[in-house]
Amino acid sequence: MGAMDDIRNIVVLTGAGISAESGLRTFRADDGLWEDHPVEQVATPAGFRCDPDLVQRFYDQRRVDVRAANPNAAHLALGELYARWKDELLIVTQNIDDLHERGGAARVLHMHGEALSAWCTTCDARHRWFGTLRDRPPCPVCGQASLRPDIVWFGEMPYRMGEIYAAIGRADLFVSIGTSGAVYPAAGFVEEARRVGARTLELNLERSLGSNQFDETRLGMASTLVPDWVGEILASQALRL
Ligand code: BJW
């Protein structure tokens, strides 16, 4: 994109596409997660009430998959940006994996929850969780067998929205990586970024639903596009210092 020399504060939004090359399936592709598991069944509170065993098994398997995956070049590039960027950088992810953290990004907001977290619906405690939930283990705090995946399903309020909108309000650049733009409120962040005067850049395999709202769209694989963009933005910072 054009002159990047006056960019200080950056908000990066990521989606399933950034983890696709780490072997984690996206949702809406032909071979995506929703192909085998209808969204109403596994990603809504009603689906959980209707068949908790099926939903717990689905997320038990997602937990296994996340632990087996490794960060790819896109996560690592954002980790490097995190280490070297001197002004504000906030990574907001819709992903429930921990590949940003393992790629070196220390501060990541998981707006749709985390695979490796369990939430007790009795006492509201959250626990880092590596095992299964389908066998109904007791909550380590209150002892009740009421742990569910700490995941934001459709109709539930995404996490940390106040912090996210505050960061967008300060942003000079908003970058969206590997998301189809099908799910709100994340799909509306680009509009908010434009409203506050930030530049907007999309890095994705194909045009997202909100693609026409971005100042610039670059199409390709995240493992190529993200390191290239990180190289550019770090070079612009070096020129400024
Ligand atoms: C690559 C690549 C490579 C592939 N390199 N790229 C306004 C209008 C209409 C509806 C609503 C609205 N506001 C709210 C709603 C309702 C609803 C919603 O958005 N519905 C839509 C279907 C329209 N939203 C909600 O309910 C949200 N809550 C909410 O709004 O609360 C307020 C409220 C509460 C109560 C009442 C009323 C309002 C909650 C949304 C929760 C989403 N949860 C999920 C599942 C949980 C996590 C999990 O199981 O992992 O989150 S759904 C699923 O979609 C998951 C994802 O985080 C999310 C986004 O998907 P993502 O990441 O974009 O993946 P894909 O597969 O769609 O796209 C991948 C992209 O990558 C593609 O474009 C590929 O091309 C690309 N790609 N390989 C680069 N190598």
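In this report, we go over the structure that sits alongside the text.

What counts, and where the lines are drawn
Residues numbered from 1 in each chain as written. Predicted model: local features only at pLDDT ≥ 70, side-chain atom pairs only at ≥ 80, totals over all residues. Heavy atoms only, no water. Pairing = 2+ DSSP bridges. Helix = DSSP H or I, 4+ residues; strand = E, 2+ residues; numbered from the N terminus. Axes fitted to C-alpha atoms, helices over the stretch in contact; angles between N-to-C directions. Contact = heavy atoms within 4.5 Å. Polar contact = N/O pair within 3.5 Å; in protein donor to acceptor, adjacent residues only side chain to side chain. Core = buried A, V, L, I, M, F, W, Y, C linked by side-chain atoms within 4.5 Å. Buried < 20%, exposed > 50% of the residue type's maximum accessible area, 1.4 Å probe, protein only. Expected span 1.5 Å × (residues − 1). Near = heavy atom within 4 Å. Salt bridge = Lys/Arg side-chain N within 4 Å of Asp/Glu carboxyl O.

### Describing the sheet that holds strand E6 (residues 147-151)
Line of reasoning, step 1. With respect to topology, three strands assemble into an open sheet ordered E5-E4-E6, the strand pairing being antiparallel. Two strands close off the open sheet at either side, each with one partner strand: strand E5 (126-128) and E6. The average angle at which neighbouring strand axes cross in this sheet is 40 degrees, direction not considered.
Line of reasoning, step 2. Pairing of strand E4 (residues 113-120) with E5, which is carried by three bridges, proceeds in the antiparallel orientation. Each bridged residue has a counterpart across the sheet, and for Ala-118 the counterpart in E5 is His-127.

### Regarding the sheet that holds strand E2 (residues 89-93)
Line of reasoning, step 1. The strand order across the open sheet formed by six strands is E3-E2-E1-E7-E8-E9, and the pairing between neighbours is parallel. The open sheet has two edge strands with one neighbour each: strand E3 (108-110) and strand E9 (216-219). On average, each strand axis in the sheet is tilted by 15 degrees relative to the strand beside it, whichever way the strands run.
Line of reasoning, step 2. With five bridges joining them, strand E1 (residues 10-14) and E2 adopt parallel strand pairing. For Ile-10, the partnering residue across the bridge sits in E2 and is Leu-89.
Line of reasoning, step 3. The sheet strands contacting helix H5 (residues 73-84) are E1, E2 and strand E7 (173-177), and the helix crosses E2 at an angle near 150 degrees.
Line of reasoning, step 4. Contacts between helix H7 (residues 161-170) and the sheet are confined to E1, E2 and E3, with E2 contributing the most and set at about 135 degrees to the helix.

### Details of the environment of Arg-199
Line of reasoning, step 1. Its place among the elements puts Arg-199 in strand E8 (residues 199-204).
Line of reasoning, step 2. Between the alpha carbons of Arg-199 and Val-175 there is a distance of 8.4 Å; along the sequence they are 24 residues apart.
Line of reasoning, step 3. One polar contact links Arg-199 to Asp-6, side chain to side chain, over a distance of 2.5 Å.

### Some thoughts on the nonpolar core
Line of reasoning, step 1. Ranked by size, the top nonpolar core spans 25 residues in total, and within it Ile-10, Leu-78 and Trp-229 carry the most contacts.
Line of reasoning, step 2. Elements that contribute at least two residues to this core include exactly E1, H5, E2, E7, E8 and helix H9 (222-240).
Line of reasoning, step 3. Considering each element in turn, this core owes the most residues, seven residues, to H9.

### Some points on helix H4 (residues 52-68)
Line of reasoning, step 1. Given a rise of 1.5 Å per residue, 17 residues ought to cover 24 Å, and the 24 Å separating the end C-alpha atoms of H4 matches this to within 8%.
Line of reasoning, step 2. Along H4, the residues classified as buried are Leu-54, Val-55, Gln-56, Phe-58, Tyr-59, Asp-60, Arg-62, Arg-63 and Val-66.
Line of reasoning, step 3. Looking at the buried residues of H4, the elements they touch are helix H1 (33-36), helix H2 (39-42), helix H3 (45-50), helix H6 (99-102), E4 and E6.

### Some points on the side chain of Ser-236
Line of reasoning, step 1. Counting through the fold element by element, Ser-236 comes out in helix H9.
Line of reasoning, step 2. In terms of polar contacts, Ser-236 uses its side chain to reach the backbone carbonyl oxygen of Ile-233, at 2.8 Å.

### Regarding the site of the ligand
Line of reasoning, step 1. By nearness alone, 35 residues border the ligand, and Arg-28, Arg-62, Thr-179, Ser-180 and Tyr-184 come closest of all.
Line of reasoning, step 2. At 2.6 Å from an oxygen atom of the ligand is found a side-chain nitrogen or oxygen belonging to Arg-62.
Line of reasoning, step 3. A distance of 3.0 Å separates an oxygen atom of the ligand from a polar atom in the backbone of Gln-94.

### Some details on the pattern of salt bridges
Line of reasoning, step 1. For the coordinates displayed, the defined rule picks out 16 salt bridges.
Line of reasoning, step 2. Salt-bridge contacts for Arg-240 lead to Asp-87; the nearest nitrogen and oxygen are separated by 3.1 Å. Of this pair, Arg-240 sits in helix H9 while Asp-87 sits in the loop between H5 and E2, and the two are 153 residues apart along the sequence.
Line of reasoning, step 3. A residue is classified by how much of its surface remains accessible, and Asp-87, at 28% relative accessible area, is partly exposed.
Line of reasoning, step 4. Here Arg-195 makes a salt bridge to Glu-192, at a shortest N to O gap of 2.9 Å.

### Concerning the environment of Gly-210
Line of reasoning, step 1. Following the sequence through the fold, Gly-210 ends up in the loop between E8 and E9.
Line of reasoning, step 2. Overall, Gly-210 belongs to the buried group, its relative accessible area being 17%.
Line of reasoning, step 3. With 199 residues separating them in the primary sequence, Gly-210 and Val-11 have C-alpha atoms 17 Å apart.

Coordinates in, geometry out; function isn't part of it.
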